[in-house]
Amino acid sequence: MLQHLLSLSIKTKITGTIFLILLLFSSGIIYVAKKAVTENINKLASSTVEDIINVNESFIIKSIMEDDTWSIYKFVDSIADINLVRSAGFLDTKGRVVAHTRTSQYPIGMQTDTEAFEDFLRFAISSETTDLGVFVVEIDTSSLQMLFRDFNLHIALFVVLAGLLSFVLAYFISNRILQRLDTLSYNAKMIHNKNFEKIKRVVSKEQDEITQFQNSMESILQQLGDSIESEKNLKNFYHSILQSLNELVLFTDEKLQVQYSNIHILEEKILEKGGFKTKILEEIEKNIARWKNTFVIEQEQSNGKLFYFYVISKKVEQGYALSFADITRLKLLEEQQCFTNSFEIIGEISTGVVHEIKNYLQPVKLLLEQKNLDSEDRARILKIFQKTDTLVNKFLDTGKPIDKDLSQKIVLENLVEQVLFVFADALQNKQIHLQQEIEKDLEIFIGMEDLELIITNLLRNAIDASNQRGVITIKGYTSDENTVLEVIDFGEGIDKNSLRNIAKPFFTTKKSGSGIGLYTTYKTVYMYGGFIEVESVFGLTKFLVYFPKSNRGEGV
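Now for a description of the structure that goes with this document. (Residues numbered from 1 in each chain as written. Predicted model: local features only at pLDDT ≥ 70, side-chain atom pairs only at ≥ 80, totals over all residues. Heavy atoms only, no water.)

## So, the sheet that holds strand S15 (residues 471–479)
So, point 1. An order of S13-S15-S16-S18-S17 is seen for the five strands of this open sheet, with the pairing classed as mixed. Two strands bound the open sheet, and with one partner strand each, they are strand S13 (433–438) and strand S17 (531–537). Direction aside, the axes of adjacent strands within the sheet are offset by 10 degrees on average.
So, point 2. Strand direction decides the pairing type here: S13 and S15, joined by six bridges, are parallel. Across the sheet, Ile 438 pairs through a bridge with Gly 476, a residue of S15.
So, point 3. Against the sheet, helix H13 (residues 448–465) touches S13, S15, strand S16 (482–489) and strand S18 (540–548), its axis set at about 25 degrees to S16.
So, point 4. Strand contacts of helix H15 (residues 517–527): S17 and S18, with the helix running at about 135 degrees to S17, the strand carrying the most contacts. (Pairing = 2+ DSSP bridges. Helix = DSSP H or I, 4+ residues; strand = E, 2+ residues; numbered from the N terminus. Axes fitted to C-alpha atoms, helices over the stretch in contact; angles between N-to-C directions. Contact = heavy atoms within 4.5 Å.)

## A word on the pairing of S17
Residues in a regular strand point their side chains to alternate faces of the sheet.
So, point 1. In terms of strand pairing, S17 meets S18 through seven bridges, oriented antiparallel. When the sheet's bridge partners are listed, Glu 535 is paired in S18 with Lys 542.
So, point 2. The antiparallel hairpin formed by S17 and S18 contains two residues in its connecting segment, where Gly 539 sits at a positive phi of about 90 degrees.

## Examining the packing of aromatic side chains
So, point 1. Counting across every chain of the model gives nine aromatic pairs.
So, point 2. Residues Tyr 106 and Phe 117 carry aromatic rings whose centres are separated by 4.9 Å and whose planes lie at 35 degrees to one another, so their mutual orientation is tilted. With Tyr 106 in the loop between strand S2 (97–100) and strand S3 (121–126) and Phe 117 in the loop between S2 and S3, this residue pair connects regions lying 11 residues apart in the sequence. Taken individually, Tyr 106 and Phe 117 each receive the classification buried, so the pair is uniform in this respect.
So, point 3. Taking 6.1 Å as the distance between ring centres and 45 degrees as the angle between the ring planes, the aromatic pair formed by Phe 276 and Phe 324 counts as tilted. A residue pair is termed long-range when its members are at least 10 positions apart, and Phe 276 in strand S8 (residues 275–276) and Phe 324 in strand S11 (residues 319–326) qualify at 48 residues.
So, point 4. Pairwise contacts between aromatic rings join Phe 75, Phe 90 and Phe 135 into one cluster.
So, point 5. Here the basic side chain of Lys 269 rests over the ring of Phe 307, its NZ or CZ set 5.2 Å away from the ring centre.
So, point 6. The ring of Tyr 320 carries the charged tip of Lys 315 above its face, separated from the ring centre by 5.3 Å. (Phe/Tyr/Trp six-rings, centres within 6.5 Å; stacked < 30°, edge-to-face > 60°. Buried < 20%, exposed > 50% of the residue type's maximum accessible area, 1.4 Å probe, protein only. Lys NZ or Arg CZ within 6 Å of the ring centre and 35° of its normal.)

The structure is reproduced here in structure tokens:
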């Protein structure tokens with residue numbers, strides 16, 4: 001039923017709705033009118049009877065007191081002669097019938113109850129101090145129906161005329177509305193098909209919501225036409241910008257099939273037959289799978305020459321936007337800078353080692369100049385040679401290469417426990433409380449000895465920097481593309497000068513330090529493709545070590 005109603009035309013819906021509203025409205029008027037007339041007639045009849053009783057009150061009281069049943073009967077019979085009154089009677093205080101016009105139904109002396117005359121009009125009569133009884137009057141409803149017969153006929157005629165008028169009015173209104181809606185629907189189809197030249201302009205005298213909608217549509221169409229023209233100009237403008245860029249810019253679909261590319265010299269090195277070269281495509285897919293937005297692709301040409309491309313990848317609505325920049329020259333300069341830095345580091349290390357060895361050998365020189373050496377002097381010389389040997393070994397460790405073939409997945413929490421076992425006495429001596437906040441089963445792909453060296457150096461420095469009964473916190477968690485190890489102490493902190501030189505070999509603020517530990521730590525982390533950040537203020541020092549999540553670091 002509901003589906004059938006919904007499928008009706010708008011004209012039928014509007015006409016039916018208007019007619020239904022008028023029908024309900026008319027029915028309501030009839031009901032209210034009939035109820036009001038009925039109530040007024042009842043009030044009129046009641047008032048008339050009450051007036052008759054009041055006028056004849058003394059006669060009634062005398063007849064009742066003298067038990068003059070005949071006089072009472074004639075009085076109730078006179079009441080029954082009134083229009084709209086069907087019957088009348090009188091009951092004494094005990095509910096017995098004293099007189100009634102319908103003697104066959106209510107004989108004299110009949111005992112009645114209150115429900116027998118529930119729908120009758122009731123008029124009590126009494127003397128000065130005593131209730132004498134009650135008059136019961138029945139209204140003639142059949143006469144009311146006769147009265148309403150003509151009234152209902154006129155109302156019915158009114159409803160029919162109103163219905164016909166509503167149909168005509170509804171048809172006219174719906175027809176006017178549908179004409180304009182049809183035009184709007186036609187224009188919408190033209191817009192969808194982009195046939196803007198076929199759009200109809202609507203002129204209407206009505207100033208209703210549809211007219212306002214039409215005006216809004218015309219304004220939108222005007223703006224749409226301007227927007228399309230602007231879009232064309234903007235497209236040409238962007239196209240000219242893309243053609244002038246120093247990078248090769250490409251737009252692809254979800255499967256990395258090239259949809260657009262600007263004209264650029266790099267096109268022949270990256271594309272073939274309208275798509276990416278096989279090795280280029282493999283590198284792009286690999287880095288996108290790792291959620292990398294920027295990466296470098298190395299490509300070897302047929303003549304053995306290497307090219308390097310810096311790629312920026314951006315996920316767009318229907319695929320990817322990629323830009324390629326040739327950084328081959330920049331890569332060469334970077335390699336040269338790396339060599340330069342290596343020489344500088346070696347020079348700093350050599351200078352430091354020579355300086356330290358001279359410091360150790362100076363006392364030996366003075367002792368050897370003495371003619372007689374006692375056992376104490378010999379012991380001092382031996383100790384100096386031992387320190388020199390240790391320094392030379394540490395110097396050799398700084399140049400020791402990292403063997404990445406020994407890399408494996410190491411559970412950080414387990415290795416930290418092993419290192420803490422070594423430092424148990426040192427922690428207990430200073431009564432340091434150590435807190436661990438390491439994610440369960442957190443793994444780092446690195447050599448076992450290399451990770452142990454990193455944790456050992458950082459923890460040793462944290463213990464040395466901590467005060468008596470201090471606190472050290474070790475954290476391990478994942479962040480973006482890295483696995484992070486944090487070592488935090490609450491000592492005096494590191495000043496800005498020292499912070500700038502902290503990674504340099506042989507730089508130390510400790511009296512007995514060699515300055516090799518942190519340098520080796522930095523070197524090891526960077527060789528695995530990670531990096532270190534240091535945050536230090538008074539009362540807090542935090543070392544953050546970032547390891548790549550991928551199986552092998554990229555190296556530096």
